[in-house]
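One-letter residues, chain by chain:
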Amino acid sequence: VIAYKFLAAGGLGPFSRYPWPLPRPGAPGAWVVAGGGALVCHDAVHACRPGDLPWWLQEELWEAELGGTVTSGRHKVMAPRARLLRRVDGWDAACAQRFGDACAGRARDHAVVALDRVGAAEPARALRACATPREIRAAVRAGRPPEAVRIAHTMAGDAAIRALGGAAVVAAYIAAHTAARVDGEPAMAAERAWQSDWLRTELRLDA
Amino acid sequence: VSFDEIVCREFAEIATDYLDAALPDATLELVEEHLAMCDWCRDYLGQIEATSSALARTAAASPPPATLDALVSAFRHRPKEGPR
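Scoring rules and cut-offs
Residues numbered from 1 in each chain as written. Chains lettered and ligands numbered in written order. Predicted model: local features only at pLDDT ≥ 70, side-chain atom pairs only at ≥ 80, totals over all residues. Heavy atoms only, no water. Contact = heavy atoms within 4.5 Å. Buried area = accessible area lost by both parts, 1.4 Å probe. Salt bridge = Lys/Arg side-chain N within 4 Å of Asp/Glu carboxyl O. Polar contact = N/O pair within 3.5 Å; in protein donor to acceptor, adjacent residues only side chain to side chain. Helix = DSSP H or I, 4+ residues; strand = E, 2+ residues; numbered from the N terminus. Nonpolar A, V, L, I, M, F, W, Y, C, P; charged D, E, K, R; others polar. Core = buried A, V, L, I, M, F, W, Y, C linked by side-chain atoms within 4.5 Å. Buried < 20%, exposed > 50% of the residue type's maximum accessible area, 1.4 Å probe, protein only. Pairing = 2+ DSSP bridges. Phe/Tyr/Trp six-rings, centres within 6.5 Å; stacked < 30°, edge-to-face > 60°. Lys NZ or Arg CZ within 6 Å of the ring centre and 35° of its normal.

Student: Is there a simple way to explain the interface of chain A and chain B in this structure?
Tutor: The accessible area lost on association of the parts is a frequent measure of interface size. In this complex, chain A contributes 23 residues to the contact, which on the side of chain B involves 16 residues. Summing the contributions of chain A and of chain B, the shared interface buries around 1,800 Å²; its carbon and sulfur component is 54%. At the junction of chain A and chain B, the tally comes to three salt bridges. Arg162 of chain A is the salt-bridge partner of Asp39 of chain B, the closest N and O atoms lying 3.4 Å from each other. Joining chain A to chain B, the criterion identifies eight residue pairs in polar contact (both at pLDDT 80 or more). If you list the elements that add at least two residues to the side of chain A that touches chain B, you get helix H5 (168–183) and helix H6 (185–203) of chain A. Considering every element that reaches the side of chain A that touches chain B, the biggest residue donor is H5 of chain A, with five residues. Broken down by class, the residue content of the side of chain A that touches chain B amounts to 11 nonpolar, seven polar and five charged.

Laid out in structure tokens, this is it:
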């Protein structure tokens with residue numbers, strides 16, 4: 001089974017700090033076996049399906065082969081062993097920034113929907129006109145939305161601030177929660193699906 | 001709207017269980033989802049690890065039994081519910 005693995009810079013497990021064996025030219029990395037005492041996750045190696053990616057963003061993205069019986073978690077898959085096959089070169093700091101910016105734009109769009117619904121024409125117009133996280137941040141700071149939609153409006157600003165700070169994973173989280181605040185929990189799932197599709201398309205990942 | 005996820009206050013309650021690998025799988029997934037995007041909790045976890053490591057290097061001195069009992073009792077009866 002082919003899946004994806006986000007690692008911290010230097011090929012380190014983001015939680016375990018385990019140094020994953022990296023592939024060499026023409027050869028995959030060595031198998032990493034769960035339960036060997038080297039991993040915090042005692043009984044499985046964890047990886048992502050494409051739809052799981054937005055939850056786990058780190059500096060490096062790798063394609064991985066999973067061995068043994070693969071089971072599914074909420075937003076991950078688990079296997080007894082895994083090895084790295086290749087780095088997904090398209091995922092770098094610039095791509096992460098584009099993704100964070102896109103998520104800030106999505107949070108803006110959800111906030112605009114909320115503003116339109118309560119007839120807050122001026123804050124909606126100001127926010128709709130924003131093309132960048134910097135503009136969104138400024139518009140939110142200047143805006144005076146009705147109390148009923150103040151939180152969604154603020155969340156759009158928060159997503160922009162986190163995108164500007166390079167925290168794409170947080171911008172994605174805020175965008176999903178902004179969607180939920182405006183249109184309920186199904187909208188959160190839809191937003192996460194949009195994020196997954198963005199990453200899958202941008203990085204040309206297998207579905 | 002409710003979500004199946006944890007927030008920082010809840011993570012603080014179970015941070016040591018996480019470090020001890022004592023969390024059930026379902027909770028572990030929630031914790032790591034949270035840690036993946038919360039730099040504040042990652043910092044907190046680092047502080048707990050550093051404190052634990054430093055204490056482990058100090059001379060082991062057991063408190064008197066009565067003090068130990070009082071501490072354990074207070075810990076077990078600490079309030080676990082509250083505003084997030």
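Student: When you look at the nonpolar core in this model, what are you seeing that I'm missing?
Tutor: Within the largest apolar cluster, 49 residues are counted, with the highest numbers of intra-cluster contacts made by Trp91 and Leu127 of chain A. Those elements that provide at least two residues to this core are strand E1 (2–7), helix H1 (93–117), helix H2 (121–128), helix H3 (133–142), helix H4 (150–164), H5 and H6 of chain A together with helix H2 (25–37) of chain B. Examining the composition of this core, we find that 10 residues originate from one element, H1 of chain A, more than from any other. Residues within four places of Leu127 of chain A in sequence aside, it is in contact with Arg108, Ala111, Val112, Leu115, Ile136, Ala139, Val140, His153 and Ala156 of chain A. Judged by nonpolar contacts, the second largest core, of 15 residues, contains Tyr18, Val32, Ala34 and Ala64 of chain A.

Student: What am I meant to see in the pattern of salt bridges here?
Tutor: Pairing between side chains becomes possible if they bear opposite charge and their charged atoms approach one another. All names here are of chain A. Throughout the structure, instances matching the rule amount to 16 salt bridges over all chains. Asp52 is paired through a salt bridge with Arg49; the nearest N and O atoms lie 2.8 Å apart. On the basis of relative accessibility, which here comes to 4%, the residue Asp52 falls in the buried class. Between Arg87 and Glu60 there is a salt bridge; the shortest N-O distance is 3.8 Å. Taken as a pair, Arg87 in strand E7 (residues 81–87) and Glu60 in strand E4 (residues 60–67) lie far apart in primary sequence, 27 residues in all.

Student: It is not clear to me how the pairing of E1 of chain A should be interpreted in this structure. Could you clarify?
Tutor: Two faces belong to every sheet, and in a regular strand the side chains alternate between them. Residue and element names in this part refer to chain A. Burial analysis of E1 places five of its six residues in the buried class, which makes it a mostly covered element. As paired strands, E1 and E4 are joined by six bridges and run antiparallel to one another. When the sheet's bridge partners are listed, Lys5 is paired in E4 with Trp62.

Student: I would appreciate a short explanation of the sheet that holds strand E6 (residues 77–79) of chain A in the present structure.
Tutor: Within a sheet, neighbouring strands are paired by backbone hydrogen bonds and run either parallel or antiparallel to one another. Residue and element names in this part refer to chain A. Read from one edge of the open sheet, three strands run E3-E6-E5, paired in antiparallel fashion. The sheet is open, and its two edges are formed by strand E3 (45–47) and strand E5 (71–72), each paired on a single side. In this sheet, E6 lies alongside E5 in antiparallel orientation, the contact comprising two bridges. Its bridge partner being in E6, Thr71 is matched across the sheet by Met78.

Student: Can you walk me through the packing of aromatic side chains in this structure?
Tutor: The geometry of two aromatic rings is summed up by the distance between their centres and the angle between their planes. Residue and element names in this part refer to chain A. On inspection of all chains with the given rule, the structure shows five aromatic pairs over all chains. Seen from their ring centres, Phe15 and Trp56 are 6.2 Å apart, and the 85 degrees between their planes marks the pair as edge-to-face. Taken together, the residues span a long stretch of sequence, with Phe15 in the loop between E1 and strand E2 (32–33) and Trp56 in the loop between E3 and E4 at a distance of 41 residues. Overall, Trp56 belongs to the buried group, its relative accessible area being 8%. Its end group placed over the ring of Trp55, Arg192 keeps NZ or CZ at 4.5 Å from the ring centre.

Student: In this structure, what is going on with the side chain of Glu63 of chain A? I would like to understand it.
Tutor: Residues and elements named next belong to chain A. Structurally, Glu63 is set in strand E4. Overall, the relative accessible area of 14% leaves Glu63 in the buried class. When residues no more than four places from it in sequence are discounted, the contact partners of Glu63 are Ile2, Ala3, Tyr4, Arg83, Leu84, Leu85, Arg86 and Val88.

Student: How should the side chain of Gln195 of chain A be read in this particular structure?
Tutor: Residue and element names in this part refer to chain A. Checked against the element boundaries, Gln195 lands in helix H6. With relative accessibility at 0%, the residue Gln195 sits in the buried group. Once you skip the residues sitting within four places of it in the chain, Gln195 turns out to touch Pro54, Phe99, Cys103, Ala172, Ala175 and Ala176.

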